[in-house]
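Next come the chains, spelled out residue by residue.
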Amino acid sequence: MTAAKITTLDKGKLLGLLAASLVSISPARAADGWSIDPTHSQANFTVRHMMVSNVRGSFSKLQGKASYDGKDLQGASVEANIDASSIDTHDAKRDGHLKSPDFFDVAKYPEIKFVSKKVVSTKNGIDIEGNLTLHGITKPVVLHGSKLSEPVKDPYGNIRIGTVATTQINRKDFGMTFNQQLDNGGLMVGEEVGIELDVELVKNKG
């Protein structure tokens with residue numbers, strides 16, 4: 001068929017094929033980059049003391065990044081890094097012991113790291129499955145997060161979202177086995193540790 005003989009119907013088919021090909025090769029929506037705001041984020045933990053009370057502490061130095069397009073959680077990812085030496089239980093002597101080789105051994109293992117593998121939506125929020133590296137040992141964990149907040153613009157034009165995520169680990173799984181037995185058969189320091197991450201993310205510009 002020559003160009004001169006192409007009918008109106010043929011032209012319509014050709015245009016349709018061209019449009020379809022352009023759609024098929026167009027790139028998927030790129031995920032936005034986000035950064036953890038360290039001044040408005042914190043990693044908290046809780047552990048039993050002498051089977052009597054809970055000791056609460058936190059790590060003040062938290063940073064990291066995330067990738068999320070605002071719609072598809074399955075394509076989202078997150079990476080967080082914690083400075084182990086920033087531990088604070090409001091007792092300098094206890095903090096010093098926790099930084100020692102008996103526990104976190106911050107001189108040898110200065111960083112605690114979480115890298116996600118999958119993010120899924122749940123009835124109550126999101127689950128972030130990934131690997132936690134603590135005390136030089138990497139184990140899979142699941143962070144159970146609240147629903148992401150609605151994006152909000154701060155006075156400086158930055159877009160922010162946030163979530164609170166929790167999980168529980170056994171410190172012995174990460175090689176922190178130090179303990180003392182009490183006269184009643186209990187342990188000085190609990191082995192189960194509750195973790196709560198309060199995270200605020202800022203959308204990267206540009």
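Residues numbered from 1 in each chain as written. Predicted model: local features only at pLDDT ≥ 70, side-chain atom pairs only at ≥ 80, totals over all residues. Heavy atoms only, no water.

Caption draft 1: Main features of the overall build of the protein. Per the secondary structure count, the protein includes two helices and twelve strands. Listed by position from the N terminus, the elements making up the protein come as α-β-β-β-β-β-β-α-β-β-β-β-β-β. Put simply, the protein has 206 residues, and 34% of those count as buried. When contacts within the protein are restricted to residue pairs at least 6 apart in sequence, long-range pairs at least 24 apart make up 54% of them. Counting every atom, the protein has about 12800 Å² of accessible surface; 55% of that belongs to carbon and sulfur. (Helix = DSSP H or I, 4+ residues; strand = E, 2+ residues; numbered from the N terminus. Buried < 20%, exposed > 50% of the residue type's maximum accessible area, 1.4 Å probe, protein only. Contact = heavy atoms within 4.5 Å. Areas by Shrake-Rupley, 256 points an atom, 1.4 Å probe, with all protein chains shown as cover.)

Caption draft 2: Up close: the pattern of salt bridges. Inspection of every chain in the model, using the stated rule, returns seven salt bridges. Of the charged contacts in the structure, one is a salt bridge between Glu79 and Lys113, with a shortest N-O distance of 3.7 Å. Of the two residues, Glu79 is situated in strand β5 (residues 77-83) and Lys113 in strand β7 (residues 111-121); the sequence distance between them amounts to 34 residues. Judged by relative accessible area, Lys113 falls into the partly exposed class, the value being 29%. One salt-bridge network, in which partners are shared between bridges, spans Asp37, Asp154, Arg160 and Glu200. (Salt bridge = Lys/Arg side-chain N within 4 Å of Asp/Glu carboxyl O.)

Caption draft 3: Just the nonpolar core, in detail. Core analysis: the largest hydrophobic core is formed by 40 residues, its most contacted members being Phe59, Phe104, Ile112, Leu132, Leu134, Ile169 and Leu201. Of all the elements, strand β12 (residues 189-203) adds the most residues to this core, at six residues. Apart from the residues lying within four places of it in its own chain, the contact partners of Ile169 are Leu132, Leu134, Val141, Phe174, Glu191, Glu192, Val193 and Ile195. (Core = buried A, V, L, I, M, F, W, Y, C linked by side-chain atoms within 4.5 Å.)

Caption draft 4: Just the packing of aromatic side chains, in detail. One pass over the full model with this rule turns up two aromatic pairs. Measuring from ring centre to ring centre gives 5.7 Å for Phe45 and Phe59, while their planes differ by 45 degrees; the resulting arrangement is tilted. Within this pair, whereas Phe45 is found in strand β2 (residues 42-49), its partner Phe59 is found in strand β3 (residues 53-59), the two being separated by 14 residues in sequence. The pair Phe45 / Phe59 is uniform in exposure class, with both members buried. Ring geometry for Phe59 versus Phe104: centroids 5.6 Å apart, planes at 80 degrees, classification edge-to-face. With a gap of 45 residues between them, Phe59 in strand β3 and Phe104 in the loop between α2 (92-99) and β7 connect regions that are remote in the sequence. The buried category is assigned to Phe104, whose relative accessible area is 13%. Linked through ring pairs, Phe45, Phe59 and Phe104 together constitute an aromatic cluster. (Phe/Tyr/Trp six-rings, centres within 6.5 Å; stacked < 30°, edge-to-face > 60°.)

Caption draft 5: A look at the confidence of the model for the protein. The predicted model of the protein averages 83 in pLDDT, with 78% of residues at 70 or higher. Across residues 17-28, where pLDDT falls below 50, the model places zero contacts with residues more than four positions away in sequence or in other chains. (pLDDT = per-residue confidence, 0-100.)

Caption draft 6: Focus on the pairing of strand β8 (residues 125-134). Burial within β8 is extensive, with seven of its ten residues counted as buried. In this sheet, β8 lies alongside β7 in antiparallel orientation, the contact comprising eight bridges. Its bridge partner lying in β8, Val120 is registered against Asp127. Where β7 hands over to β8, the hairpin turn is made up of three residues, counted between the paired strands. Count of turn residues in the β8/strand β9 (residues 137-146) antiparallel hairpin: two residues, of which His135 carries a positive phi of about 55 degrees. (Pairing = 2+ DSSP bridges.)

Caption draft 7: Up close: the side chain of Asp105. Within the fold, Asp105 resides in the loop between α2 and β7. No salt bridge forms around the buried Asp105; measuring N to O, its nearest opposite-charge neighbour Lys108 is 5.3 Å away. With sequence-adjacent residues up to four places away left out, Asp105 is seen in contact with Leu98, Lys99, Ser100 and His135. (Lys, Arg positive; Asp, Glu negative; His and termini not counted.)

Caption draft 8: Inspection of the environment of Ala66 at higher detail. For Ala66, the location among the structural elements is in strand β4 (residues 62-68). Residue Ala66 is classed as buried on the basis of its relative accessible area, which comes to 15%. On a C-alpha basis, the gap between Ala66 and Ala80 in space is 8.5 Å, while along the polypeptide they are 14 residues apart. Setting aside anything within four residues of it in sequence, one finds Ala66 in contact with Asp32, Gly33, Trp34, Ser77, Val78 and Leu201.

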